[in-house]
Amino acid sequence: MSIASGSSGKAVYKVFLFLAIASLVGVVAMVSTDRTADAGIFAMAMFASLAIYVRGNNFLKGFAYTIWIFTAVTAAMFYPGLFNTWGGFKLTRLIVPLMQIIMFGMGTNMSIDEFVGVIKMPKGVFVGVLCQFTIMPLVGFTLAKVFAFPPEIAAGVVLIGSAPCGLASNVMNYIAGTNLVLAVTLTAVATILAPIMTPLAMKLLAGTMVEIV
């Protein structure tokens with residue numbers, strides 16, 4: 001999103017910085033007066049304004065996407081009803097079609113020749129899959145131990161680390177302009193191996209916290 005260019009453009013972006021600061025003050029005021037439930041609109045305004053501001057900063061603009069994610073998460077936390085149903089229509093029905101549209105959009109940016117290149121040099125796939133099923137589960141296990149989570153929560157953290165990457169990681173790779181074909185290939189291979197590797201990781205790691213049958 002580009003609002004303007006030159007000095008006038010910078011001035012416009014600074015307005016959003018001031019809006020972000022003002023919204024932060026609103027969040028603090030709501031929380032300090034025990035009106036946390038009313039802080040949602042200020043928190044959303046803060047993240048949205050900050051995302052627009054950093055988009056106009058050459059050094060920080062790479063963080064804009066991350067801050068927009070915080071905006072969406074904040075909205076979902078404070079107003080979950082808006083993400084459940086609209087006029088009796090369950091929004092969960094849109095999950096599969098939206099995933100198909102997103103994957104189709106990314107697919108239009110890839111070619112068969114690129115996949116052939118990955119197949120000819122599979123080192124990246126092997127390294128990625130190895131890291132997926134070693135580093136990720138171990139990080140989850142370490143976090144669970146360091147923060148002394150209850151057994152059920154700890155097992156869930158390990159499970160998250162043991163599950164293969166999915167659509168979100170591919171979207172992030174696409175936005176970051178990295179090797180999208182390699183990312184999609186890693187997702188496919190990790191998903192194929194998941195029925196074996198995920199239960200194995202859960203048995204070895206989460207099995208020390210809860211009973212794994």
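Residues numbered from 1 in each chain as written. Predicted model: local features only at pLDDT ≥ 70, side-chain atom pairs only at ≥ 80, totals over all residues. Heavy atoms only, no water.

Looking now at the pattern of salt bridges. On inspection of all chains with the given rule, the structure shows one salt bridge. In this structure, arginine 35 engages aspartate 38 in a salt bridge whose closest nitrogen and oxygen atoms are separated by 3.3 Å. (Salt bridge = Lys/Arg side-chain N within 4 Å of Asp/Glu carboxyl O.)

Before going further, it helps to examine the confidence of the model for the chain. Taken residue by residue, the chain gives an average pLDDT of 85. The fraction at 70 or more is 94%. The least confident element of the chain is helix α9 (residues 167-176), whose mean pLDDT is 78; the most confident is helix α2 (residues 40-55), at 93. (pLDDT = per-residue confidence, 0-100. Helix = DSSP H or I, 4+ residues; strand = E, 2+ residues; numbered from the N terminus.)

A few words now on unusual backbone geometry. The backbone of aspartate 34 sits at a positive phi, close to 60 degrees, despite the residue not being glycine. By the secondary structure assignment, aspartate 34 is in the loop between α1 (6-32) and α2. Phi is positive for alanine 148, which is not a glycine, with a value near 50 degrees. Tracing the backbone shows alanine 148 in the loop between α7 (135-146) and α8 (151-162).

You can see glutamine 132 is positioned in helix α6 (residues 123-132). Its relative accessible area of 11% is what places glutamine 132 among the buried residues. Here alanine 163 takes part through its backbone oxygen, which lies 2.9 Å from a polar atom of the side chain of glutamine 132. Once you skip the residues sitting within four places of it in the chain, glutamine 132 turns out to touch Pro137, Gly161, Ala163, Pro164, Cys165 and Ala190. (Buried < 20%, exposed > 50% of the residue type's maximum accessible area, 1.4 Å probe, protein only. Polar contact = N/O pair within 3.5 Å; in protein donor to acceptor, adjacent residues only side chain to side chain. Contact = heavy atoms within 4.5 Å.)

Moving on to the nonpolar core. Ranked by size, the top nonpolar core spans 13 residues in total, and within it Met106, Met110, Val125, Val129 and Leu180 carry the most contacts. Elements that contribute at least two residues to this core include exactly α6, α9 and α10 (180-204). Here this core takes five residues from α10, the largest share from any one element. Of all hydrophobic cores here, the second largest spans nine residues; its members include Tyr13, Ala51, Tyr53 and Val54. (Core = buried A, V, L, I, M, F, W, Y, C linked by side-chain atoms within 4.5 Å.)

Bringing a nonpolar patch on the surface into the picture now. There is a patch of nonpolar side chains on the surface, built from Tyr65, Ile69, Val73, Met77, Met172, Tyr174 and Ile175 and spanning about 650 Å² of accessible area. Counting residues per element, the ones that place at least two in the nonpolar patch are α3 (64-78) and α9. Broken down by element, the residue count for the nonpolar patch peaks at four residues, all from α3. Within the secondary structure, valine 73 sits in helix α3. According to the relative accessible area criterion, valine 73 is partly exposed, its value standing at 41%. (Patch = residues over 30% accessible without salt bridge, like charges linked within 9 Å, V, L, I, M, F, W, Y side chains within 5 Å. Areas by Shrake-Rupley, 256 points an atom, 1.4 Å probe, with all protein chains shown as cover.)

Taken as a whole and judged by the stated rule, the model has three aromatic pairs. Seen from their ring centres, phenylalanine 47 and phenylalanine 70 are 5.6 Å apart, and the 20 degrees between their planes marks the pair as stacked. Of this pair, phenylalanine 47 sits in helix α2 while phenylalanine 70 sits in helix α3; the two residues are 23 residues apart in sequence, bridging distant segments of the chain. Residue phenylalanine 70 is classed as partly exposed on the basis of its relative accessible area, which comes to 45%. Where phenylalanine 78 meets tyrosine 79, the ring centres are 6.5 Å apart and the plane angle is 45 degrees; that geometry is what we call tilted. (Phe/Tyr/Trp six-rings, centres within 6.5 Å; stacked < 30°, edge-to-face > 60°.)

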